[in-house]
Amino acid sequence: MTVVEMGIPAVRSGRPSLDGRPDTPYLLDRFGRVGRDLRVSITEKCSLRCTYCMPEEGLPEIPRHELLTADEIVRLVTLAVEELGVREVRFTGGEPLMRRDLEQIIAGCHEHVPDTPLAMTTNGVGLAHRAYDLAAAGLHRVNVSLDTVDRVDFATLTRRDRLDSALAGIRAARAAGLTPVKVNAVLMRQTLAGAPDLLRWCLDEGCELRFIEEMPLDADHEWARANMVTAAEVLEVLGARFELSETSRADPSAPAEKWLVDGGPATVGVIASVTRKFCDSCDRTRLTADGMLRSCLFSDQEFDVRQPMRSGADNHELATLWRGAMWQKAAGHGIDAEDFSPPERTMGAIGG
Ligand code: SAM
Ligand code: SF4
């Protein structure tokens, strides 16, 4: 199997150019955006196989020596916060709960950057057993990905019969104070009719539900714009059961567009990541599980921070590398362009 087939770009750029970059410590790009929100993928492994994300057999294993260790992750997160102006850190994957040292990673980050919110995106499977320990380690909140509350639909979409474990995980997260618990659902044709039931469940459980348009980041390359369920479609389906009224966006960099449900205060979000792109206000920077810096989900451009770190680079050198990586960030995802082609890495290999 070649590296490209594994979903990892074959060509990794060397040192990024800083030409024309103003002298600022922050993660500035050429379009005036500043990276404040760090997504850290910590594994390629997952307990589910969502069809819009993973291949049936899962992603190829990252060789152990290429995976960032807990100490390396803590060092890079600390650097990002202290030297680069990152304000929020979210752990993702693959499935972050697949790492046994997750509590250690969280505790290490919390110890070094105690004032920075630490969040996690998870499928919730097995979370019930770890929610309290994760909260005690310093995790602030979780987003749980859940597309349906119908057991058969869940098993079909995720290729695993684990709905009960996911629901138990969400309840445990709330009980452990990992709040607000947000539930993210990818809009799929098979689960669209069940969207009102999912919203009802989230309202009853005190979780904020957000629907997300499916992006062309699936390992099976089945995504097609023509088949994609749009934000407008889910609003129509939800509107048949609930009264929805639009709210204004408090934070312009927040992708969710919120709707009050039945007069509020509960809301439902619809993230139209494809049909109403929000690249102009993107404040993300990303670190992959094998130690690559990425500035955009959709660009194959990434910069190796693992190798310099393991070769003894000091914090100043690593910070310069990260600033340069951000300075190369593309203007937008280009999904609508005729020559658009999806990135080599799929969502599970980048970290959503
Ligand atoms: N396993 C964890 C989970 O599912 O929450 C974290 C990793 S997962 C890659 C992060 C997020 O990406 C999830 O909310 C998932 O629904 C979303 N995602 C995966 N593939 C996607 C796609 N093709 N389009 C849009 N969102 C996607
Ligand atoms: Fe696993 Fe999350 Fe991808 Fe589903 S979306 S296959 S839970 S990484």
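None of these values were measured; they are calculated from a predicted model.

Rules of the game
Residues numbered from 1 in each chain as written. Chains lettered and ligands numbered in written order. Predicted model: local features only at pLDDT ≥ 70, side-chain atom pairs only at ≥ 80, totals over all residues. Helix = DSSP H or I, 4+ residues; strand = E, 2+ residues; numbered from the N terminus. Buried ≥ 20, exposed ≤ 12 C-beta atoms within 10 Å, placed from the backbone. Contact = placed C-beta atoms within 7 Å. UniProt positions renumbered as here; feature names shortened; annotations may be inferred. Core = buried A, V, L, I, M, F, W, Y, C linked by C-beta atoms within 7 Å. Near = placed C-beta within 6 Å. Nonpolar A, V, L, I, M, F, W, Y, C, P; charged D, E, K, R; others polar. Pairing = 2+ DSSP bridges. Right-handed = clockwise from strand over helix to strand, strands pointing away.

**What about the overall build of the protein chain?**
Tallying secondary structure elements over the protein chain gives 10 helices and 14 strands in all. With respect to the principal axes defined by its C-alpha atoms, the protein chain has extents near 55 × 45 × 45 Å. For the protein chain, buried positions account for 45% of its 352 residues. Here the analysis covers contacts within the protein chain between residues at least 6 apart in sequence; of these, 77% occur between residues at least 24 apart.

**Comments concerning the UniProt feature "binding site: [4Fe-4S] cluster 1" (unreviewed entry) in the protein chain**
Under the feature "binding site: [4Fe-4S] cluster 1" (unreviewed entry), the UniProt entry names C46, C50 and C53. Secondary-structure assignment places C50 in the loop between β3 (37-41) and α1 (70-84). In this view, C50 contacts L157 and T158; residues no more than four positions away in its chain are not counted. Following the sequence through the fold, C53 ends up in the loop between β3 and α1.

**Side note on the nonpolar core**
The biggest cluster of nonpolar side chains holds 98 residues, and the ones touching the most others in it are V77, A131, A173, V183 and W322. The element that contributes the greatest number of residues to this core is α1, accounting for 7 residues. The contact partners of A131, leaving out residues within four places of it in the chain, are A172, A173, A176 and L178.

**As for the site of ligand 2**
Contacts to ligand 2 come from C46, L48, R49, C50, C53, M54, G93, G94, E95, N123, S145 and G348. Each residue belonging to the shell around ligand 2 can be placed in one class, and the counts come to 5 nonpolar, 5 polar and 2 charged.

**Here's the deal with the pairing of strand β7 (residues 182-186)**
In terms of burial, β7 is largely enclosed, as 4 of its 5 residues are buried. Strand direction decides the pairing type here: strand β6 (residues 141-145) and β7, joined by 3 bridges, are parallel. If you follow S145 over to β7, its bridge partner there is N184. The parallel pair β7 and strand β8 (residues 208-212), bridged by helix α6 (residues 195-205), forms a crossover whose chirality is right-handed.

**Some remarks on the environment of D37**
Topologically, D37 is positioned in strand β3. Through-space distance from the C-alpha of D37 to that of L217 is 20 Å; in sequence the pair is 180 residues apart.

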